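Listed here are the chains, written in short residue letters.
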Amino acid sequence: MIRPTRSLVPVLLGLCIFLGTMEAAMAVQPVQISKTQDAVTLDNGVISLSFRTSDKRLALTSISGKSGERLGAFAPGASLWKVDLRWPGNASREVGSGEVELTDVGADSDPRSGKAEFTWTIPLGPRSAQVTMSVRLEPGDPLSYWSLRVKLPEGWKVMRADFPIIPNVKQEDGLKLAAPAGWGVEYSMRPGVGYGGTYPSCSAAMQFVAFYNKGRGLYIAAHDPNACHKRLSASARADGVGYTLVNFPAVPEKPGGTFKLPYEIAVGVFDGDYWDAAQIYSEWTLSTKWGSAGPVSKRPIPDWVKETDLWLRPDGSAEQNVEVTKRALEYFDVPTSLHWYRWHQIPYDTLYPEYFPPLPGFAEGIAEVQRAGTRVMPYINGRLCDPNSKTWIDEQGSKSAARQENGQPYTEIYGSKVPLNAMCPYTKQWQDKVSGLVKRMITELGVNGVYIDQIGAAYPVQCFNPDHGHPVGGGDFWYHGYRKLLDKTRRLLPKDHMITTEENAECWLDQFDALLLVNSPTGEHPLIPLWPAVYSGRVINFGFLYYPGDDLKKELPFNYKTARCFVFGSQLGWIQPALIMADENREAAEYLRTLARTRRFAHQFVTYGRFLGMITVTGDNPHVKGDGSGSFSGTYKIDTPSVIGSAWQAEDGSLGVLLANIGDKDRDVEVHLPLIRAGISASKGFTIERFGPEGLESSGKGDSAEQKVKVPGRSAVVLVVKPDRG
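Since we're looking at a predicted model, the values are computed, not measured.

(A) Quick peek at the packing of helix H11 (residues 556-567) against helix H13 (residues 586-599). Interhelical geometry of H11 versus H13 gives an angle of 5° and a closest axis separation of 10 Å. With respect to H13, the element H11 is oriented roughly parallel. Where H11 approaches H13, its residues Phe558, Asn559, Thr562, Ala563 and Phe566 are matched on the opposing element by Ala588, Tyr591, Leu592, Leu595, Thr598 and Arg599.

Here it is, written out as structure tokens:
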């Protein structure tokens, strides 16, 4: 099978792609499996995997592609899987493949695929369990597909399955890990560095990681269309880098039988960096419920959401916010929306979900700012309930709380220091509570939308309440429960109204109109646009990172975040109007206004188009250095070129380049237009237009990927490259 690729080129190149694909298909090598007494190798000419089977132990000794080997030495005793088994007396046995004997090795292939199977026997007193790991290849595919099943004796069940464990990614200078935390984080995998994130949440918004160095990479992903509860983790040692995917399955009511991990793990090779790995994952997501909802241009998202360039974040009463917000709307003079916090009489993070009654005058304040030309989206939390609330006590909301194995709720404490309990989204009561709140806010307050906190940010928990209607434990109930909740909510939305959530757990993106991305970690490991590399053109994002109070005083942290928000394609701002409109923050406000006004001329790229990657900006482009306050604690170092840039492709095939100057001085820079990636022929010529904050500044012809551009200080430029059709 030839892996389909999501085309990045205009329709005019379709015939060339078709002919190239046909030629590649004719040259595809069938899967070959070599099995000896001590080894098994699977090879399809694109990827090769080798396993050592001597001494009744299995070792993964090689994963290689045409550009080279991806693995290092496999340590004695290392495991490729580990399972936590339990029987009715709650006795448990945790065992990995490195601890038990390999009892059978099988292999078979045909013209369409090839598969190797490895089976171990786990002694369980007088009985035993059999664990089988399968690895299959298809012709021409750079990915291998791994699966795991466990044949259990009566009474036993699987509580956790760590699979796959890849303990021996090659450790070498320059090795990077792209991790799906928030926007994406690029870790330098030096000994002692590690990453961990629970899916689905902002710490693991997607189900893949990529290791890469010197133009070659290793891709590892759960291709799980039901978004089951899992944890991704990687850690670097002096002798190698290990990766583990921990799976928290649903626990069947009747133990015994056969447990099968309900999805395959894709392990494969690619050439390039995180962007290239993201294209593999992006292609797979098109087969999922959330990933197949279509492009933003076709989704039923209100036009005002698509057209928003700036978000302001009022906080508190209408009396405190209306006048300064109206001044901000007039000053910025771009399509602006409001995300309103603390509009309720209860304290923040206290007595949730009793948001009514609102603060006095709130509905009237909403109407006043709407007349000034904006839309309003207040806050609620979609996950937490205060055990002192009316919902918990009088409405018996305690019955809908997610429960641990010991029957206790999951209690979390935030800035208010008030204990709050995580609710089970599979319960009808909680679904009705959240959807009813949204309807009431729209009906009684006249808001244009509602922000439902934590759904896309906070991690799932296992739930062991058998009365909730889902299998206990983990599995996919969290995903499906919230899908039901959001379906109910969307059915209650009037035309031209919307809902959003915090962060970007992928599996509900089709049910939200936009996503707030501000929780990505700040520290020594840089943020990368991994998220837009996968989902650009299919989702709207707003915000970038929190703006701590000293960001505006220092200027550099504010400009740095705002510029990156601009080139990452996100809607700008998410800042309190009183803060940005303060006299002492005039320069920050001017910079935000300049970038927001420039962004108006890039919607075909950042709202509707596809992200083609960051671009290297050379020429007169010195680095600026400083430090900023972390989003939650500590500080982080800033070391960035003065001008940063990104490339995008619109639905009509045109290429867009966004450039933002963080510094005060004008810069004469040079950029290499990614014409090949965009499918534009330099030899046939193109038109290149330049837009600034006031609109079109120049237009001319070009025939070279190398372009010189002047970017004014504290400003931005959008270049639009349109291929000549002659």
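Here the narrative resumes, following the displayed structure.
(B) Spotlight on the pairing of strand E2 (residues 39-43). Because side chains alternate across E2, one face comprises the buried residues Val40 and Leu42, and the other comprises Ala39, Thr41 and Asp43, none of which is buried. Relative to E2, strand E1 (residues 32-35) runs antiparallel, the two being bridged by 4 bridges. Paired with Ile33 across the bridge in E2 is Leu42. Once E1 ends, the chain turns through 3 residues before running back antiparallel as E2. Here 5 bridges tie E2 to strand E3 (residues 47-52), and the two strands are oriented antiparallel to one another. Along E3, the bridge assignment pairs Thr41 with Ser50. The loop that links E2 with its antiparallel partner E3 comprises 3 residues; one of these, Gly45, has a positive phi angle of about 85°.

(C) Structural detail: the sheet that holds strand E15 (residues 194-199). Taken together, 6 strands build an open sheet; the order of strands is E7-E6-E12-E19-E18-E15 and the sheet is antiparallel. Because the sheet does not close on itself, it has two edges, and the strands there are strand E7 (92-96) and E15. Averaged over all neighbouring strand pairs, the angle between strand axes comes to 15°, with direction disregarded. Where strand E6 (residues 82-86) lies against strand E12 (residues 157-169), 5 bridges are found, and the strand directions are antiparallel. Among the inter-strand pairings, Asp84 is bridged to a residue of E12, identified as Arg160.

(D) Local environment of the environment of Gly96. For Gly96, the position within the fold is in strand E7. Residue class for Gly96 comes out buried when judged on its relative accessible area of 0%. If we skip the residues at most four places from it in the chain, Gly96 touches Ser79, Trp81 and Lys82.

(E) Focus on the pattern of salt bridges. Inspection of the entire model under this criterion finds 37 salt bridges. Between Glu117 and Arg149 there is a salt bridge, with its nearest N and O atoms 3.4 Å apart. Here the residue Glu117 occupies a position in strand E9 (residues 113-124), and Arg149 occupies one in strand E11 (residues 143-152), the gap between them amounting to 32 residues. With a relative accessible area of 22%, Glu117 lands in the partly exposed category. Overall, the relative accessible area of 31% leaves Arg149 in the partly exposed class. Arg216 serves as the salt-bridge partner of Glu172, at 3.6 Å between the closest nitrogen and oxygen. Residue Glu172 is found in the loop between E12 and strand E13 (176-179), and its partner Arg216 is found in strand E17 (residues 216-223); the two are separated by 44 residues along the sequence. Sharing partners across several salt bridges, the network here consists of Glu94, Arg160 and Asp162.

(F) Molecular detail of H13. Taking 1.5 Å per residue as the helical rise, H13 with its 14 residues ought to reach 20 Å, and the 20 Å between its terminal C-alpha atoms agrees with that figure. Summarising burial for H13: 10 of the 14 residues are buried, a large majority.

(G) Region of interest: the sheet that holds strand E37 (residues 643-649). Ordered by their spatial adjacency, 6 strands build an open sheet running E33-E37-E38-E43-E40-E41, and the pairing between neighbours is antiparallel. Edge positions in the open sheet fall to strand E33 (610-615) and strand E41 (695-702), since each of these has one partner strand only. Going from strand to strand, the sheet's axes swing by 20° on average, the running direction of each strand aside. Relative to strand E43 (residues 716-723), strand E40 (residues 686-692) is paired through 6 bridges, and the arrangement is antiparallel. Across the sheet, the residue bridging to Thr687 is Lys722, located in E43.

(H) Just unusual backbone geometry, in detail. In the segment running from Phe163 into Pro164, the intervening peptide bond is cis, with an omega of -5°. Looking at the secondary structure, you find Pro164 in strand E12. With an omega of 5°, the peptide bond between Phe356 and Pro357 qualifies as cis. Inspection of the secondary structure assignment puts Pro357 in the loop between strand E23 (336-340) and helix H5 (362-371). The phi dihedral of Asp349 is positive, around 55°, even though this residue is not glycine.

(I) Structural detail: the side chain of Ser188. Counting through the fold element by element, Ser188 comes out in strand E14 (residues 185-188). Among the residues examined, Ser188 registers a relative accessible area of 18% and is labelled buried. Filtering out sequence-adjacent residues up to four positions away, Ser188 remains in contact with Leu175, Lys176, Val193 and His525.

Scoring rules and cut-offs
- Residues numbered from 1 in each chain as written.
- Predicted model: local features only at pLDDT ≥ 70, side-chain atom pairs only at ≥ 80, totals over all residues.
- Heavy atoms only, no water.
- Axes fitted to C-alpha atoms, helices over the stretch in contact; angles between N-to-C directions.
- Helix = DSSP H or I, 4+ residues; strand = E, 2+ residues; numbered from the N terminus.
- Parallel < 35°, antiparallel > 145°, perpendicular 65-115°, else oblique.
- Contact = heavy atoms within 4.5 Å.
- Buried < 20%, exposed > 50% of the residue type's maximum accessible area, 1.4 Å probe, protein only.
- Pairing = 2+ DSSP bridges.
- Salt bridge = Lys/Arg side-chain N within 4 Å of Asp/Glu carboxyl O.
- Expected span 1.5 Å × (residues − 1).

Shape is all these values report; function is a separate question.
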